[in-house]
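For reference, the chains in residue letters:
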Number of protein chains: 4
Amino acid sequence: MKRILLTGFEPFMKEAINPSWEAVRRLDGERIAGYEVSACELPTVFKRAQQVLIEQIKKLRPSVVICVGQAGGRAEITVERVAINLIDARIPDNDGEAPVDVPVADEGPAAYFASIPVKTIQHQLKQAGIPCQVSYTAGTYVCNSTFYALMHAIYSMQAQDEIRGGFIHIPFLPEQAAHHPGKPSMSLEVVIEALRKAIEALDTEASAGESAGTLH
Amino acid sequence: MKRILLTGFEPFMKEAINPSWEAVRRLDGERIAGYEVSACELPTVFKRAQQVLIEQIKKLRPSVVICVGQAGGRAEITVERVAINLIDARIPDNDGEAPVDVPVADEGPAAYFASIPVKTIQHQLKQAGIPCQVSYTAGTYVCNSTFYALMHAIYSMQAQDEIRGGFIHIPFLPEQAAHHPGKPSMSLEVVIEALRKAIEALDTEASAGESAGTLH
Amino acid sequence: MKRILLTGFEPFMKEAINPSWEAVRRLDGERIAGYEVSACELPTVFKRAQQVLIEQIKKLRPSVVICVGQAGGRAEITVERVAINLIDARIPDNDGEAPVDVPVADEGPAAYFASIPVKTIQHQLKQAGIPCQVSYTAGTYVCNSTFYALMHAIYSMQAQDEIRGGFIHIPFLPEQAAHHPGKPSMSLEVVIEALRKAIEALDTEASAGESAGTLH
Amino acid sequence: MKRILLTGFEPFMKEAINPSWEAVRRLDGERIAGYEVSACELPTVFKRAQQVLIEQIKKLRPSVVICVGQAGGRAEITVERVAINLIDARIPDNDGEAPVDVPVADEGPAAYFASIPVKTIQHQLKQAGIPCQVSYTAGTYVCNSTFYALMHAIYSMQAQDEIRGGFIHIPFLPEQAAHHPGKPSMSLEVVIEALRKAIEALDTEASAGESAGTLH
C-alpha cells in the first residue's frame, strides 16, 4: 500500500498547541483513498525541522509528503503553490534562532512549485463545503523553509517521479482565536476533514491533468 | 421553569441556509442553566419579523429573548450592545422591500441598549475557547430592526424588569464561506456551544453586577 | 455670516500628531459655501473635551458643529451617524482616565443621530473622488463621547433647529501608517479637501430632503 | 549618466486610469540620485507587456529597471521580492487573453528574486513617512508575468551584473477607491515621492550590503 507522510509542527509564538500537529496526529494510521497515513511532528526550528523531515522520508519512503502548518490570521485552508529559497524570521524559532535574508539551501534554485495537485485539492475542498484557496506565499518562516527543504530533497534525490510534495496552511483553532481578537478560526473537525479530502483529491482524474502541466 | 426564546432567521441573499436558524432550532426544548429553550424562526422581512417575534413573546412569556442572526464576514461571535431606530436596506428583504432611512418605530427613541449581560457573555465564551466580541453596530438591515423592535416592545409593555432582550450575530458556516472567498466561518457545533454558554452567563454573579449598571 | 465650528483632537496613543487637528486647523478662518470656519483643538480627555467644546459653542454660536477624529485602521473618511450614551475605554485618555461601561450623560437617552446630512456628504465626497462611507459606530472612546456630548448639548439647549451637529472620522496620515504595518492611510490634502466638500454639502438641495427626514 | 527605466501599466478591469503609469510618467526625464529616469507605458497584456519592456531595455540600456503596477486593495507601497514562472489569470488581459496555469517562460526557472535592494527601499520609505512593506507574492497576473519576464531577460542576456531589476506595487488612488467601498488608497503625490525615495535607496551603503547577499 502507498504511504503518505503528513507532518505537523510543535507549538510556537506562545501558543499552547499547534493545530497542524493536532490535526495530523489524528489521521495517523488511517487509510484514505489507497494511502496509509503516517503522521510526524516537526520541531518549529529552521534547521531541525528539515532534518527530521528528511529522515522520515528516507525511513518511510512515502509516495506523497504534505507538510501542514498554522497560518494564524488566515480564514481558509490555503494550499501553498510555491516554496522560496529564503529565510527571513521576524521572531526566533523554538531554538532561539532568527536568521534574516539567508537561503534555505545555499545552492538551491530560487523556488520550487508544489507537486501535489493544488487546484484539484482546492476544488474538492470547496465542493465538500470547506473554505479553501490556493496561496502563492508560504511566508519566510519555518513553514516555507520546511516546504522548500522538502521539495529540494525530492529533487536532490531525483525522486520527483516517485514522491509528490506540498504544503497546506490551516487557520487558528477557535480556542486560539479566542485570545486573538478579530482573527478567524476553523474547528479541528473541519481541518481534519479538509486533510482527508486533500488526500482523496491526489489521484483523481482532474489531478492527473494538473500534474501533467508544464510547471517544474 | 423560566423560559428563554431564541430566534433565528430564514436564509436570505441567495444563501441556501441561515446558520442562525440552524443553530437555534437544535436548542429547541433543551434546558440550560434553569431555562427551557423555545426556538422560533423569523422571516427575513422588516415588517413580518417583528410581528412574529412579538406574537411569540406574548404567547410564551419568556424571561429572556435572544435573537440570533448571520453576520457574513465577521470572524467571531458578536454580542450586540446597541439597537438603533433606523432601517437602511442595501438589498431587498425576502418580501422585496428595501426601505432607506426610515425609523423602525415612528415614535421610538434613537436607540436601546441590550439588557442581557453582554460583557459577561463575551467573557464566558472566551473562557470556553470561543472567539467572541461585543459589537456596537448590528447594521441597518433586518437584524438591527428586529433587535430594535424587540427592545421597543419590551419597553412599550413596561416589561423591562421581567424580560431581558439581546441580539447575537454569528459568522458564516464553513459551507457558506466556501463560496465567499476570503471570508471567515465558524462550525455549527461551535455556534451551538456559544449559545449554550451565553445562556449560562445570564444569571452568573458577574452578570448581576453588569445589569445593575446605569445604562438604560 | 454663518459660522461652522470644526474641532480636532490632541494626539493620543503615543502618536506624535493627530490628523484631525492637523486638518482642521488649516481650515481656520476659511470661508466655505457661506460658512466662516472656526477651528478648535479639543483635549483627548473624556471630561475636558466636552467642556471645551460646549464653551466654544456658547462663545461662537455656530450654525453647524462638526467634530473630527482619528480612526486609525479605517481606510476611508467615515461620517458617523449615531452617538451612543456609553463610555468604554480600553486605553486611558490623556488625563489617565479609562472609565468602563458608564454613560456619557447620566440622564441622557441611549443615542442621538447626527443632524448633519450624512448621506449627502458621503455622496458629495465620492463624487469628488474621495473614499467615504457612512458609519454606524463611532466606538466607545473619546470620539463617541464628544459626539454624544455635542448632540446632548444641542438638545439640552433646545437648539436643534439652530445648530446641526455631526462627527467625521479620518484615517491615519501616511507618516503615521508607516509605523503601523498593514494599516491604510490618507494624505492631509485629501482630508482637508474632504472637509471642504462636507461643508459644501450641508445646504445642497439633496441635504434638505435628508434633514427633513423622520429620524430624531 | 546612468539610466533607470520605470514602467507603468495601462488601465485594466474597467478602471479609467492606472496609477502606476500616472506616477511613472511624471518622473520621466527627472534626474534622481545620479540616475536619469525614462518612463514607459506597458500594455496590460501578458504577451505584449514583456515584448515592449524588452525592446525598451535593449534600446535604453538602463542600469536599473523597476516595473510599477497597481495592487488594488493593498494599503501600502509593496516592494516585490519574488517573481514566479506562472500565469493564472482570473480575468482577461486587455487583449482578452486569460491563460491558466501556464509558465511565463517555458524553460525558465520556477522563480527569480528581485535584484534591487528591497529591504533598503522599504526602510528608506518608512523613514520618509511612507507606508511600505516587502511583499513575497506579486500575484499571477500581468504584474508578476512582466516582473518574471524582466528578470528572465536580464539573466538570459547574462546582464545580471549590469542591470538590476525589480517590481513595486502601489495602492489605488483615492479617486479609484471612492468606487471600491472599504478599499485603501494612496495619493499620487505620495506614490511619486515613494518612487523617488526608492531610487535614492538604490546605491546607499545599506543597499550594498543587501545586494552582496547570497540570494540568486
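Being a predicted model, the structure only gives us computed values, none of them experimental.

Would you explain the sheet that holds strand E2 (residues 31-32) of chain B in this entry?
Whenever strands of a sheet pair, they do so through backbone hydrogen bonds, lying parallel or antiparallel. All names here are of chain B. Taken together, the seven strands give an open sheet; going across it, the order is E2-E3-E1-E4-E11-E5-E10, and neighbouring strands pair in mixed fashion. Both edges of this open sheet fall to E2 and strand E10 (132-135), since each of them pairs with a single strand only. The strands that helix H3 (residues 118-127) touches are strand E5 (77-80) and E10; relative to E10, the one it contacts most, it runs at about 165°.

Help me understand the interface of chain A and chain D in this model?
How big an interface is tends to be stated in terms of accessible area lost as the parts join. Counting from both sides, the interface comprises 23 residues of chain A and, opposite them, 23 residues of chain D. Summing both partners gives a buried area of about 1900 Å² for chain A against chain D, and 59% of it is carried by carbon and sulfur. Seen at the junction of chain A and chain D, the total is eight salt bridges. Notably, a salt bridge pairs Asp88(A) with Arg81(D), separated by 3.6 Å at the nearest N-O pair. Of all elements in the fold, only strand E6 (82-84), strand E8 (100-102) and strand E9 (111-113) of chain A reach the threshold of two or more residues within the side of chain A that touches chain D.

Is there a simple way to explain the arrangement of the chains in this structure?
The two units chain A and chain C remain apart, with a minimum C-alpha distance of 13 Å. There is no contact between chain B and chain D; across them, the least C-alpha separation is 13 Å.

What am I meant to see in the interface of chain C and chain D here?
With 20 residues of chain C at the interface, the matching set in chain D holds 20 residues. For the pair chain C and chain D, the summed buried surface comes to about 1400 Å²; carbon and sulfur atoms form 57% of the total. Considering only the side of chain C, the residues that lose the most area to chain D are Lys126(C), Pro131(C) and Ala178(C), jointly responsible for 28% of the buried surface there. Along the contact surface separating chain C from chain D lie zero salt bridges. Here chain C and chain D share five residue pairs in polar contact (both at pLDDT 80 or more) between them.

So what exactly am I meant to see when it comes to the relation of the copies chain A and chain D here?
Each of the two chain copies goes to the other by way of a rotation about an axis and a shift along it. With an axial shift of 0.0 Å and an RMSD of 0.0 Å, the rotation relating chain A to chain D amounts to 180°. Here the symmetry operator amounts to a two-fold rotation axis. Both copies contact each other with a shared surface, as 100% of the interface residues of chain A are interface residues in chain D too.

Could you clarify how one ought to interpret the relation of the copies chain C and chain D in this entry?
Laying chain C over chain D is done by rotating through 180° and shifting 0.0 Å along the axis; what remains is an RMSD of 0.0 Å. When the interface residues of chain C are mapped onto chain D, 100% of them are again interface residues, pointing to one common binding face.

Looking at this structure, how should I read the packing of aromatic side chains?
For the structure shown, the criterion picks out 24 aromatic pairs over all chains. Relative to Tyr141(A), the ring of Phe12(A) has its centre 5.7 Å away and its plane inclined at 35°; by these criteria the two rings are tilted. Highlighted residues: Phe12(A) in the loop between strand E1 (2-9) and helix H1 (19-25) and Tyr141(A) in the loop between strand E10 (132-135) and helix H4 (142-156), separated in sequence by 129 residues. Judged by its relative accessible area of 15%, Tyr141(A) falls in the buried class. Through pairs of rings, three or more aromatic residues link up here, namely Phe9(A), Phe147(A) and Phe167(A). Sitting over the face of the ring of Tyr35(B), Lys2(B) holds its NZ or CZ atom 4.3 Å from the ring centroid.

Scoring rules and cut-offs
- Residues numbered from 1 in each chain as written.
- Chains lettered and ligands numbered in written order.
- Predicted model: local features only at pLDDT ≥ 70, side-chain atom pairs only at ≥ 80, totals over all residues.
- Heavy atoms only, no water.
- Pairing = 2+ DSSP bridges.
- Helix = DSSP H or I, 4+ residues; strand = E, 2+ residues; numbered from the N terminus.
- Contact = heavy atoms within 4.5 Å.
- Axes fitted to C-alpha atoms, helices over the stretch in contact; angles between N-to-C directions.
- Buried area = accessible area lost by both parts, 1.4 Å probe.
- Salt bridge = Lys/Arg side-chain N within 4 Å of Asp/Glu carboxyl O.
- Polar contact = N/O pair within 3.5 Å; in protein donor to acceptor, adjacent residues only side chain to side chain.
- Least-squares fit on C-alpha atoms with pLDDT ≥ 70 in both.
- Phe/Tyr/Trp six-rings, centres within 6.5 Å; stacked < 30°, edge-to-face > 60°.
- Buried < 20%, exposed > 50% of the residue type's maximum accessible area, 1.4 Å probe, protein only.
- Lys NZ or Arg CZ within 6 Å of the ring centre and 35° of its normal.

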